[in-house]
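Observations on the three-dimensional arrangement
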Amino acid sequence: MKSERKILAAFLLNLLFSVFEFIGGIFTGSIAILSDAVHDIGDAASIGISYFLEKKSRKERDEKHTFGYARYSVLGGLVTTSILILGSCAVVYNAIRRIVCPVEIDYNGMIVVALIGAAVNFAAAYFTHGGHSVNQRAVNLHMLEDVLSWIVVLIGSLVMRFTDIRIIDPLMSLGVAFFILFNCLKNMKEIFDIFLEKTPESCDIKELKEHLLRIEGISDIKNLHLWTLDGNIHFAMMHVISENPEVKEKVREELEEHGILNSVIEICNTTDNCPKEDYSLKIETCRHQH
């Protein structure tokens, strides 16, 4: 519940400030401010969606969602990051246009808007810090990037105030946009890794297998699978070759030490008794059953 309130606070701050930004951008003539206004409206929309999905992710599992609703939080991160990528591309396009056709800029107005922007986004970043889910981290990253972008705008507006070099304004927009795009792509990779059920980054499958094989009575580990539900809740499934069924508890303890609290462990007496994985066969079997 605490994380949901933080996301809601960030949403309200972004929504109100984006309206102020549009007005400030029009009056100052700054493409950097107008671009950030578009960026912040995208942020506000995505954070609103993230709030809804974060709240939904807290629901208990049911017959339709036997793993629970945790991945709705990851979906929120996907939406937030996608909107930010689109917004950043729009910033790049408008900045290039402004480089070709520079306009008059009210530097004093830029300085005032930048100071307010840095303060508001710092408050939003403070509200959203400390999140553990992919969704919360994505929201907080956006807030931190907004703080950085406004500091850049503030420095740039001060330089332009004394030098009248107008090209600094669109160049600042390009710099911030490319920085945001770089971090968005990193976020997107993490999100896709979760949806594709890739081994979690925090789990070293070779090291885990070595530790499991050190348990007395275990001769081999077969069909070891690791995946994560939302970046925090990890799962494991495996066949343990052992003549002692009591090793299962020791395997669970070892998995917990590696941050894996959910597991499916099957004990096999010998490798020959261990079921072989054949996904194509399972698919065909299901088709015949239907």
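Notes on the structure follow. Numbers given for residues are sequential positions, taken from 1 along each chain in its written order. pLDDT decides what is reported in this predicted model: residues at 70 or higher carry local features, side-chain atom pairs at 80 or more are listed and counted, and totals for whole chains, interfaces and linings draw on all residues regardless. Hydrogens and water are ignored here; the side-chain numbers use all heavy atoms of the structure.

1. Digging into the side chain of Asn 183
Quick note on the threshold: We count a stretch as a helix when DSSP gives it H or I for four or more residues in a row; a strand needs E for two or more, and each element gets its number in order from the N terminus. Categorising residues by exposure relies on relative accessible area from a 1.4 Å probe, with only protein chains included: less than 20% of the type maximum marks a residue as buried, more than 50% marks it as exposed, and the intermediate range marks it as partly exposed. Nitrogen and oxygen atoms within 3.5 Å of one another constitute a polar contact, given that in protein one can donate a hydrogen and the other can accept it, and given that sequence-neighbouring residues count only through two side-chain atoms.
Relative to the helices and strands, Asn 183 resides in helix H6 (residues 168–195). By relative accessible area, which is 12% here, Asn 183 ends up buried. Separated by 3.0 Å, the side chain of Asn 183 and the backbone oxygen of Phe 179 make a polar contact.

2. Thoughts on the sheet that holds strand E2 (residues 234–242)
Selection rule: Pairing between two strands is assigned when DSSP locates at least 2 bridges connecting them. For helices, the fitted line uses only the C-alpha atoms of the stretch in contact; every axis is such a line through C-alpha atoms, and the angle between N-to-C directions lies from 0 to 180 degrees.
If you walk across this open sheet you meet the three strands as E1-E2-E3, and the pairing is mixed. Two strands bound the open sheet, and with one partner strand each, they are strand E1 (218–228) and strand E3 (262–268). The average undirected angle you get between the axes of adjacent strands in this sheet is 15°. Looking at chain direction, E1 and E2 are connected through eight bridges and run antiparallel. The partner of Lys 222 across the bridge, within E2, is His 239.

3. Regarding the pattern of salt bridges
We count it as follows: Think of a salt bridge as a Lys or Arg side-chain nitrogen and an Asp or Glu carboxyl oxygen that are within 4 Å of each other.
This model, assessed by the stated rule, comprises three salt bridges. The residue Asp 193 makes a salt bridge to Lys 189 at a minimum N-O spacing of 3.0 Å. Of the two residues, Asp 193 and Lys 189 are both situated in helix H6; the distance of four residues between them amounts to about one turn of the helix. One salt bridge connects Lys 198 with Asp 193, and the closest N-O pair in it is separated by 3.8 Å. The network of salt bridges with shared partners includes Lys 189, Asp 193 and Lys 198.

4. A short note on the side chain of Ser 242
Applicable threshold: Whether two residues are in contact is decided by their heavy atoms, any of which lying within 4.5 Å being enough.
Within the secondary structure layout, Ser 242 lies in strand E2. You can call Ser 242 buried: its relative accessible area is 2%. A polar side-chain atom of Ser 242 sits 2.7 Å from the main-chain carbonyl oxygen of Gly 217. Sequence-distant contacts of Ser 242, that is, excluding residues within four places in its chain, are made with Gly 217, Ile 218, Val 247, Ile 267, Cys 268 and Asn 269.

5. Notes on a negative patch on the surface
Our working rule: Patches here: salt-bridge-free residues with over 30% relative accessible area, like charges joined within 9 Å, nonpolar side chains (Val, Leu, Ile, Met, Phe, Trp, Tyr) joined within 5 Å. Note on areas: Shrake-Rupley, 1.4 Å probe, and residue coverage restricted to the protein chains presented here. Charged residues are defined here as Lys and Arg on the positive side and Asp and Glu on the negative side; His and the ends of the chain fall outside this count. We put the charge of a Lys on NZ, of an Arg on CZ, of an Asp on CG and of a Glu on CD.
There is a patch of like negative charges on the surface, built from Glu 249, Glu 253, Glu 256 and Glu 257. Its place among the elements puts Glu 253 in helix H8 (residues 247–257).

6. Overview of the packing of aromatic side chains
Aromatic ring pairs: the centre-centre distance and the angle between the two ring planes describe each pair. Note the threshold: Between 30 and 60 degrees the pair is tilted, below 30 it is stacked and above 60 it is edge-to-face, where a pair is any two Phe, Tyr or Trp rings, Trp via its six-membered ring, whose centres lie within 6.5 Å. Should the NZ of a Lys or the CZ of an Arg lie within 6 Å of a ring centre and within 35 degrees of the ring normal, that charge is described as sitting over the ring.
Applying the stated criterion across every chain yields a total of three aromatic pairs. Relative to Phe 235, the ring of Phe 67 lies with its centre 5.3 Å away and its plane at 80°, an arrangement referred to as edge-to-face. Within this pair, whereas Phe 67 is found in the loop between helix H2 (31–56) and helix H3 (71–100), its partner Phe 235 is found in strand E2, the two being separated by 168 residues in sequence. Aromatic ring contacts, followed pair by pair, group Phe 67, Trp 227 and Phe 235 into a single cluster. Above the plane of the ring of Phe 162 lies Arg 161, whose end atom (NZ or CZ) is 5.7 Å from the centre.

7. Some thoughts on H6
Inclusion rule: Each residue after the first adds 1.5 Å to the expected span of a helix.
Taking 1.5 Å per residue as the helical rise, H6 with its 28 residues ought to reach 40 Å, and the 40 Å between its terminal C-alpha atoms agrees with that figure. In the segment just after H6, Glu 197 is the residue with positive phi, at about 60°.

Shape is all these values report; function is a separate question.
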